[in-house]
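Descriptive analysis of the structure
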Amino acid sequence: DRVGDELRQITSKESELGEVFGQKVEEWKEAQTHLKKLEEAHEAHSENTNNLSDDLECISEELSQVKMKMDKKASSTTDATPLVEIRAAIQRLKKENKEMDVRLGILDYELNQARMLEANPQEHSPVNPDESDDEHSIDE
């Protein structure tokens, strides 16, 4: 009978422990379920973070290229060297144009003088270099 009493005591202690720790076992199972959900959510967020990081890298690279293009365009629009060269060329052409106008005027004058000499060679005879201005008077 002693064995039966000990068996009842063991069964009784088992029941007490089952009651005391049964609720803890249920809490632990709920915690494990909650942990599993959190790990799944963490994995999903990690994947989302990786995708967003890849997107950010692509966008950053594109932004860098756009900035380089903008800088290149800005430097070419603010670079006044071509404009200065064009202005200098225009000034040079204006100067050459004036010189050509003077040459044309001289040639026109010489051409008119030559035509006049051809038409009336006696009237426009050159002055003899041996004669001086004093010899030509109004009386002649």
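Residues numbered from 1 in each chain as written. Predicted model: local features only at pLDDT ≥ 70, side-chain atom pairs only at ≥ 80, totals over all residues. Heavy atoms only, no water.

**Examining the overall build of the chain**
A tally of helices and strands in the chain yields two helices and zero strands. Buried residues in the chain amount to 0% of all 140 residues. (Helix = DSSP H or I, 4+ residues; strand = E, 2+ residues; numbered from the N terminus. Buried < 20%, exposed > 50% of the residue type's maximum accessible area, 1.4 Å probe, protein only.)

**What about a negative patch on the surface?**
Taken together, the side chains of Asp-54, Asp-55, Glu-57, Glu-61 and Glu-62 define an acidic patch exposed on the protein surface. Within the fold, Glu-61 resides in helix α1 (residues 2-78). (Patch = residues over 30% accessible without salt bridge, like charges linked within 9 Å, V, L, I, M, F, W, Y side chains within 5 Å. Areas by Shrake-Rupley, 256 points an atom, 1.4 Å probe, with all protein chains shown as cover. Salt bridge = Lys/Arg side-chain N within 4 Å of Asp/Glu carboxyl O. Lys, Arg positive; Asp, Glu negative; His and termini not counted. Charge placed at Lys NZ, Arg CZ, Asp CG, Glu CD.)

**Section: the pattern of salt bridges**
The full count for this structure, using the stated rule, is two salt bridges. Its salt-bridge partner being Arg-2, residue Glu-6 comes within 3.8 Å of it at the nearest N-O pair. Of the two residues, Glu-6 and Arg-2 are both situated in helix α1; the distance of four residues between them amounts to about one turn of the helix. Taking the shortest distance from any N to any O, the salt bridge between Arg-8 and Asp-5 comes out at 2.5 Å. One end of the pair, Arg-8, and the other, Asp-5, are both in helix α1, three residues apart, so they sit about a helical turn from each other.

**Some words on the confidence of the model for the chain**
Chain-level pLDDT for the chain is 86 on average; 85% of the residues reach the 70-or-more range. Counting interchain partners and residues more than four positions distant, the pLDDT-below-50 stretch residues 135-140 has three contacts. (pLDDT = per-residue confidence, 0-100. Contact = heavy atoms within 4.5 Å.)

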